[in-house]
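Read off the chains here:
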Amino acid sequence: MEIGTDQRLGTEENESSGEGNRLSRRLFLGGIGAAALASTGLKAAVAGPAGEETAPGFGETLSPGAQRRENAFQSRYRVALNHRRQPVFEHLNNGDEERYLNRIGNFSKGLPHDANGEVEPAAYNKLLRATRSGRADHFEAVPLSGGRRLTNPQAGLAFDLEGADAQHFAIPPAPALASAQAAGEAVELYWMALLRDVNFSDYGGHPEVTAAATDLSSLEDFRGARRNGAVTAQTLFRDPLPGVLKGPYISQFLWLGTPYGAEYVERRIKTPVPGSDHLTRFSDWLEAQNGGAEAGATRFDPVRRYIRTGRDLAEWVHRDVLFQAYFNAALILGTPPDSSDEITGGGIGCPTNAGDPYHNSQNQIGFATFGDPHFKALLCEVATRALKATWFQKWLVHRRLRPEEYGGLVHQQVASNRYPGILHQDILTAAAIERVHGRHGAYLLPVAFSEGSPTHPSYSAGHATVAGACVTVLKALYDESFVIPQPVEPTPDGLALQPYQGPALTVGGELNKLASNIATGRNIAGVHWRSDARESLLLGEKIAISILRDQKGCYNEDFEGFRFTRFDGTSVTI
């Protein structure tokens with residue numbers, strides 16, 4: 001089904017909601033006519049140098065201060081004009097919302113549900129009314145059942161003053177509920193749950209890993225990484241991105257000690273004990289769908305360890321600040337090695353990107369531009385804009401159900417044939433769901449977090465979109481071909497690091513792996529899908545490129561552009 005931005009935000013009446021004369025987003029998107037523009041007193045744009053269109057006021061004789069102000073305005077105007085000239089993308093969802101009037105194909109966690117876990121129609125219709133009108137009072141009127149509130153459904157309606165608008169970039173429709181692709185992704189999620197406590201370094205000889213690879217290889221539509229056409233222990237739960245299939249499963253940037261000014265960050269983490277799975281009983285699952293309290297406390301290992309299992313990685317992405325992994329990576333990349341630092345050894349001293357205008361300067365270095373403060377702050381800039389873009393996709397376009405909601409459908413179908421003919425046979429006949437049933441007594445998807453998924457829809461994924469944006473920035477700023485010196489991996493008990501023996505690992509490959517780890521870690525936790533991760537990484541990359549392009553024209557330095565490799569392996573200069 002086609003869901004256009006103007007259509008979605010223009011279906012409700014244009015009444016005031018008691019907020020004075022504020023210009024609503026719907027009216028803004030609808031356009032301001034010529035008569036309205038004239039009433040503001042603004043003049044039409046005029047032609048500038050070489051026919052370039054400029055804002056009113058260009059060419060006037062001004063004082064130096066006023067001229068600088070005018071130049072700043074013209075710069076912002078040209079960027080805004082460029083965005084205005086970009087094509088308008090259609091936002092398409094997978095049609096499940098109209099296909100299943102009981103809304104079993106869509107996210108409804110936190111709203112009231114019946115005894116089977118199906119959302120109450122009146123409550124869901126109020127959510128739809130809010131997403132279509134964009135009115136704050138309509139969002140406030142969405143009824144909840146438990147104590148957990150909806151996570152920021154209005155964020156995708158916010159504007160930003162840098163980069164493409166949050167609603168500019170489109171992503172493909174999510175796999176439909178009944179599709180073979182959704183089933184293939186679900187089978188992977190069940191295997192991820194079964195293998196959470198297996199050390200990544202033990203995948204090569206583990207019988208359940210072999211069973212998972214065989215099962216996934218046989219599916220009608222599975223889009224994970226393969227080698228010679230088959231899923232293997234080395235490709236299992238990995239992404240087909242440059243560098244991701246090389247070396248250990250976990251990126252060096254999640255293991256290496258991190259210099260933090262005069263402080264340091266040791267990378268051992270607090271992690272749950274093996275077997276800490278949740279929402280494995282239907283009563284707990286139903287309570288979670290109604291926004292209820294956490295389903296039992298998580299028991300933690302009293303000893304901190306380096307990430308070595310899926311459960312460890314899932315816990316890392318459970319508690320992180322969304323740009324934390326990339327800020328750590330920037331500290332490791334930009335700090336020179338320090339042999340006197342017996343704890344971290346300093347950073348790796350990665351050179352900056354070949355496009356850095358200060359490479360050839362004899363008397364200057366970068367700081368506020370093309371220096372450490374610029375690099376670190378840019379990660380936060382792209383992260384916040386990535387979140388607004390992904391929140392638009394989540395709430396206002398797709399409203400994709402979470403894997404735990406899909407797991408409820410699997411359980412009900414296998415146990416009582418409640419949804420005949422809806423779910424694809426690949427999930428209903430998968431060896432993984434029988435193994436889960438044997439372990440937990442139910443066909444529900446075991447999740448790593450006691451509260452289950454967050455209270456916002458699944459597609460696209462916030463962690464993955466931020467990962468795509470921040471890693472793109474790091475590849476644009478640093479030399480991605482630089483070989484990481486003295487790479488490491490954890491000892492089997494996770495208590496120490498030891499030298500890694502294997503093919504050389506590059507900065508670009510390990511940054512791609514970092515993005516993949518963070519995105520896939522949310523899948524391993526049971527709260528996202530493979531397509532959530534993949535499409536969100538690409539969305540984040542587009543957002544970062546848009547921001548880097550806007551900023552390129554703002555520098556005074558002789559700067560030829562940011563040069564790096566995209567996730568698809570192609571090179572780009574911005």
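See the structure printed just above.
Notes on the structure in this doc start here. A quick note: this is a predicted structure, and the numbers were derived from the prediction, not measured.

1. Let's talk about the side chain of Arg267
Reasoning step 1: With respect to the helices and strands, the residue Arg267 is situated in the loop between β6 (263-265) and α10 (282-289).
Reasoning step 2: Glu266 provides the closest opposite charge to the buried, unpaired Arg267, separated from it by 9.3 Å.
Reasoning step 3: Polar side-chain contacts of Arg267 include one of 3.0 Å to the backbone oxygen of Phe253.
Reasoning step 4: With sequence-adjacent residues up to four places away left out, Arg267 is seen in contact with Phe253, Leu254, Trp255, Leu256, Gly257, Thr258, Arg305, Tyr306, Asn328 and Ile332.

2. Quick word on the nonpolar core
Reasoning step 1: Formed by 114 residues in total, the largest nonpolar core has its most connected members in Tyr326, Tyr406, Ile427 and Phe562.
Reasoning step 2: At ten residues, helix α17 (residues 462-477) tops the list of elements feeding residues into this core.
Reasoning step 3: Judged by nonpolar contacts, the second largest core, of 18 residues, contains Leu111, Ala123, Leu127 and Trp391.

3. A word on the pattern of salt bridges
Where charged atoms from two side chains of opposite charge come close, those side chains can pair.
Reasoning step 1: Taken as a whole and judged by the stated rule, the model has 27 salt bridges.
Reasoning step 2: Notably, a salt bridge pairs Arg99 with Asp96, separated by 2.5 Å at the nearest N-O pair. Remark: Asp96 and Arg99 occur in helix α5 (residues 96-99); sequence separation between them is three residues, near one turn of the helix.
Reasoning step 3: One salt bridge connects Arg418 with Glu118, and the closest N-O pair in it is separated by 3.1 Å. Placement of Arg418 in the loop between α14 (403-416) and α15 (425-428) and of Glu118 in the loop between α5 and α6 (121-133) is noted, with a sequence separation of 300 residues between them.
Reasoning step 4: Among the charged side chains, a salt-bridge network with shared partners connects Asp160, Glu162, Arg385 and Lys388.

4. Some details on the packing of helix α8 (residues 180-194) against α14
Reasoning step 1: Put simply, α8 and α14 touch, their axes get as near as 11 Å, and they point 100° apart. Taken together, the axes of α8 and α14 are roughly perpendicular relative to one another. Packed against α8, whose contacting residues are Ala182, Ala183, Ala186, Leu189 and Tyr190, the element α14 presents Pro403, Tyr406, Gly407 and Val410 at the interface.

5. So, the packing of helix α13 (residues 372-398) against helix α19 (residues 530-552)
Reasoning step 1: The N-to-C vectors of α13 and α19 enclose an angle of 130°; their axes lie 9 Å apart at closest approach. In terms of orientation, α13 lies oblique with respect to α19. Crossing geometry of α13 relative to α19 is assigned as right-handed. Mapping the contact onto sequence places His374, Leu378, Glu381, Val382, Arg385, Ala386, Ala389, Thr390 and Gln393 in α13 and Leu539, Ile543, Ala544, Ile547, Leu548 and Gln551 in α19.
Reasoning step 2: A class-by-class count of the residues in the contact of α13 with α19 yields nine nonpolar, four polar and two charged.

6. Focus on empty space enclosed by the protein
Reasoning step 1: With the rule as written, the count across this model stands at four cavities of 30 Å³ or more.
Reasoning step 2: Considering only enclosed or pocket space, the largest cavity measures out at about 150 Å³ in volume.
Reasoning step 3: Lining the largest cavity are 17 residues; nearest its centre among them are Ile104, Ser108, Gly117, Glu405 and Leu409.
Reasoning step 4: Taken together, the elements giving at least two residues each to the lining of the largest cavity come down to α10 and α14.
Reasoning step 5: Ranked by residues supplied to the lining of the largest cavity, first place goes to α14 with four residues.
Reasoning step 6: The class makeup of the residues in the lining of the largest cavity is five nonpolar, nine polar and three charged.
Reasoning step 7: Size it by volume and the second largest cavity reaches roughly 80 Å³.
Reasoning step 8: In terms of lining, the second largest cavity is formed by Asp160, Glu162, Gly163, Ala164, Asp165, Ala166, Phe169, Arg385, Lys388, Ala389, Ile543 and Ile547.

Parameters and conventions
- Residues numbered from 1 in each chain as written.
- Predicted model: local features only at pLDDT ≥ 70, side-chain atom pairs only at ≥ 80, totals over all residues.
- Heavy atoms only, no water.
- Helix = DSSP H or I, 4+ residues; strand = E, 2+ residues; numbered from the N terminus.
- Buried < 20%, exposed > 50% of the residue type's maximum accessible area, 1.4 Å probe, protein only.
- Lys, Arg positive; Asp, Glu negative; His and termini not counted.
- Salt bridge = Lys/Arg side-chain N within 4 Å of Asp/Glu carboxyl O.
- Polar contact = N/O pair within 3.5 Å; in protein donor to acceptor, adjacent residues only side chain to side chain.
- Contact = heavy atoms within 4.5 Å.
- Core = buried A, V, L, I, M, F, W, Y, C linked by side-chain atoms within 4.5 Å.
- Axes fitted to C-alpha atoms, helices over the stretch in contact; angles between N-to-C directions.
- Parallel < 35°, antiparallel > 145°, perpendicular 65-115°, else oblique.
- Left-handed = near helix turned anticlockwise from the far one by under 90°.
- Nonpolar A, V, L, I, M, F, W, Y, C, P; charged D, E, K, R; others polar.
- 1 Å grid on protein atoms, 1.4 Å probe; cavity = no way out; pocket = protein on both sides within 12 Å on 5 of 7 lines; lining within 4 Å.
- Points joined across faces, edges and corners; volume = space filled by probe spheres on them.

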